[in-house]
Amino acid sequence: MSILRLAWLNLARHRAATALAVLALGLTVACAGMLLRTARLAESRFATLAHAGDALIAAKGGATDALLGALNTEGPYPRFIPLRLFATLVNETWYTAGSRPHARSVVPLVYSGKLVPRGVTAGDKTRRAGASGDSYRVAGTIAAFFEMPPPSPPLAFAAGGWTEVEAGVVIGAAVAHREGLRPGDTVAVAHWTADSMPSPAQSGLAPRPFVVSGILAPTGTAWDRLVFTNLVQAQSLIEEALPVAGQKTVWDSYVLHYVIVHAAPDVAAVPDVPDASRVTGRLDSLGVLIDQQTVTQIVPVAETLESLRRLTATGRQVAALMAVLSAMLALITLAALMLGRFEGLARQMTMLEATGWRKAELRRLLFWEGLMLGGAAAAVGGALDALAFPLVRTALGTALPDPGLVSSTVWTSAPVWAAAVVVTVCASQGSSWLVFRGRAQERLRNLG
Amino acid sequence: MSPDGDGRERLQPDLLACDVVNIALSDVTVRFPSASAPLFCLPRLEIAAGSHVLLHGPSGHGKTTLLHLLSGQFLPDSGSIRVGDTEVTALDDEARARFRRAHFGLIFQRWNLVDHLTVLENIMLVVPDRVARTREAKRRHAEVCLRDMGLSSLGARRAGVISPGEQQRIAVAKISAAEPAIVLADEPTSHLDDPGAARVFESLLKFSRGRTLVVVSHDPRARIHFHDQDIYDFSVLAKGDWHPSHPASGISAEDA
């Protein structure tokens, strides 16, 4: 009988004990794996967050939600702000003669639709166009979006360019790659003005065709996942969708979600201080105006990002702590398991040793047992992880990036599985040390 | 059982090439770490090939320890142990394990079998590659050994659920499957009733015909299975002042 087969029989013939051990270890592996995936997802938020502007203007509410909604294209459908405010800022920025404007650049952003993936029809209920996670957001903006001044990094076109002509769209790099789009292709855009938007099949509001006018070069940010159209088209989509979604605004379809603001340096006020302080000075005065005199709020990008980092860092620390606790729990479980097995193993090992099995062979026997236990635990843990993580992610809600924007595969937990196998094998070798530590005479007494 | 490797292949022919595969101990001293006095000293002891020897005596004098020494489970504090042409005390741990597996069959008081394996699997566990190489060949060999002992009906049963008497007889069948040159049995009948003990000894002596057999036991029932001249009092042996009456038949001991 081979060592491998004996190891297998040692586990298979103690079915209940082995099953319980594998389940206990598997649960620990699943917990540690899900914690790891959660931590990675929390981290990914910063990896894809776009850098744009010094401040955002958004509907009054949570600053973090506004930041993530605008620069990471995630979260629930945002509340509207009036387009008129943007017009006012444009006037102040571009046409104010003699006085100092607050901003050097203002760029509007309004979500109005979702790209219908290729191969999906309006009546397809399995991949409902417009539902979260099934397609990419379509944002209305202006040409200035692609020419934002520093600190926003420059955007370049990989092919084609921006167009103000009707029914044209610029596609983010990831969308183009995933959908295999090129300039000149026609895409369908479903209306989207609410999270509870009925599907095109239910509303009778057919997706509208758009022609791809340009493809953005990859930025490694949320812009790669976005589809851009001009403001006229966006407002047209919103105008059609509002009655269908049962929505009403005091501004009709003349609405936006965000205005990305690049503040003007406060040169006159404090000429000798560094740029950042001068910008902050202008933002402060703009903030007073916006907050006090409009229905919107100003969200300083750098400050809010820092707050978000602090918050998620706490979350990551908690996740890391939980992961360590899970790992310790796993080790204790494993130690208890292997020590429990030791009583049964010691006699068998001593008997085999007495009949001529070499220590190396006995260690190999334990190695295979450990490997099989660890492997089974990793498989069970992986399966539980795959089944339970979507539920965990749903329960955590907006604490994690939208599943449609940042995916997390079960393979992210692979390091945990590997660690489980390694730890189990090490623990099995630890028990071999326990078996062989005494003198042979003492061990042989076990055999009567 | 897994292959032994080159070591066993080298050791076994040496042993079999001997005209007389005898066991010889000289000036052997064994002591337990915590004890100041030695457990026993054996100035000289020889067991001739093919002899069947019963060592009896009260508990605690080192009978079992002697068996462990003979099979190279551990080394004495001093002295020499030779089996055939091999100086066992000169072998390292690994080599002694190979040597033990190649030439010795051991039967303990209890726990000769792995409880969760079937009887057949327990026997297959010790079938060496020199006897049968493939799994199927090992199975057939194990079945033959069981049949020879009249235990075929137990082959598929788990070892842990059969009676102690049957377990000891299966231990004998297990030894026979390994085909060792030397059989060492440590109190093989101490937990058995009279009929059970008788059956175990019958099996043991039947299988050991032509092989060296050393049984240690303080069970008085063992005596009826051995000739008087093959029964020795270990406590006398261990004092080192014992003189053999029948050295040619099996065992000899004399002062150095």
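For the structure, see preceding data.
The structure reproduced in this document is the subject of the present report. Note that the coordinates shown come from a computational prediction; the quantities given were computed from them, not determined experimentally.

Parameters and conventions
Residues numbered from 1 in each chain as written. Chains lettered and ligands numbered in written order. Predicted model: local features only at pLDDT ≥ 70, side-chain atom pairs only at ≥ 80, totals over all residues. Helix = DSSP H or I, 4+ residues; strand = E, 2+ residues; numbered from the N terminus. Buried ≥ 20, exposed ≤ 12 C-beta atoms within 10 Å, placed from the backbone. Contact = placed C-beta atoms within 7 Å. Pairing = 2+ DSSP bridges. Axes fitted to C-alpha atoms, helices over the stretch in contact; angles between N-to-C directions. Nonpolar A, V, L, I, M, F, W, Y, C, P; charged D, E, K, R; others polar. Expected span 1.5 Å × (residues − 1). Arc of directions from axis to C-beta. Parallel < 35°, antiparallel > 145°, perpendicular 65-115°, else oblique.

Scanning chain B from terminus to terminus reveals 8 helices and 10 strands. Sorting the 256 residues of chain B into buried and exposed places 48% on the buried side. Contacts in chain B between residues at least 24 apart in sequence constitute 73% of all its contacts with a sequence separation of at least 6.

Quick look at the environment of arginine 101 of chain B now. Of note, arginine 101 of chain B is situated in helix α3 (residues 93-103). Along the sequence, arginine 101 of chain B and valine 127 of chain B sit 26 residues apart, while their C-alpha atoms lie 10.0 Å from each other.

All right, on to the sheet that holds strand β6 (residues 104-107) of chain B then. Residue and element names in this part refer to chain B. Spatially, the 5 strands line up as an open sheet ordered β6-β7-β8-β3-β9, and their pairing is parallel. Of all the strands in the sheet, the pair left with one neighbour each is β6 and β9 (231-233). Each strand of the sheet is rotated relative to its neighbour by a mean of 15°, with strand direction disregarded. Of the pairings in the sheet, the one linking strand β3 (residues 52-56) to strand β8 (residues 212-216) comprises 4 bridges and is parallel in character. Note on β8: the bridge partner recorded for valine 53 is valine 214. Contacts from helix α6 (residues 164-178) reach β6 and β7 (182-186) within the one sheet, and its direction differs from that of β6 by about 175°.

Our next topic: the interface of chain B and chain A. On the chain A side, the residues contacting the 24 residues of chain B number 21 residues. Residue assignment for the side of chain B that touches chain A shows that the elements contributing at least two residues are α2 (63-70), α3 and α4 (119-124) of chain B. For the side of chain B that touches chain A, the element with the highest residue contribution is α3 of chain B, accounting for 5 residues. Grouping the amino acids of the side of chain B that touches chain A by side-chain chemistry returns 11 nonpolar, 7 polar and 6 charged.

Glancing now at unusual backbone geometry. Of note, the phi angle at glutamate 179 of chain B is positive, near 50°, even though the residue is not glycine. Mapped onto the elements of the fold, glutamate 179 of chain B is located in the loop between α6 and β7.

Let us look at helix α5 (residues 135-148) of chain B. All names here are of chain B. Taking 1.5 Å as the rise per residue, α5 with 14 residues should run 20 Å; its terminal C-alpha atoms sit 20 Å apart, in good agreement. For α5, the complete set of buried residues consists of Lys138, His141, Ala142, Cys145 and Leu146. Seen along its axis, α5 keeps its buried residues to an arc of 140°; they face one direction. For α5, the elements touching its buried residues are α4 and α6. Glycine 150 occupies a position one or two residues after α5 and carries a positive phi of about 70°.

All names here are of chain B. Where α6 meets helix α7 (residues 194-207), the axes come as close as 9 Å, and the angle between the chain directions of the two elements is 5°. Judged by the inter-axis angle, α6 sits roughly parallel to α7. Of α7, the residues touching α6 (which contributes Gly165, Gln168, Arg169, Val172, Ile175 and Ser176) are Gly196, Arg199, Val200, Ser203, Leu204 and Phe207.

All names here are of chain B. Sheet analysis places strand β1 (residues 23-30) next to strand β4 (residues 78-83), joined by 5 bridges and oriented antiparallel. Bridged to alanine 24 within β4 is arginine 82. The sheet contact formed by β1 and strand β2 (residues 40-47) spans 7 bridges and is antiparallel. Looking across to β2, one finds that isoleucine 23 is bridged to isoleucine 47.

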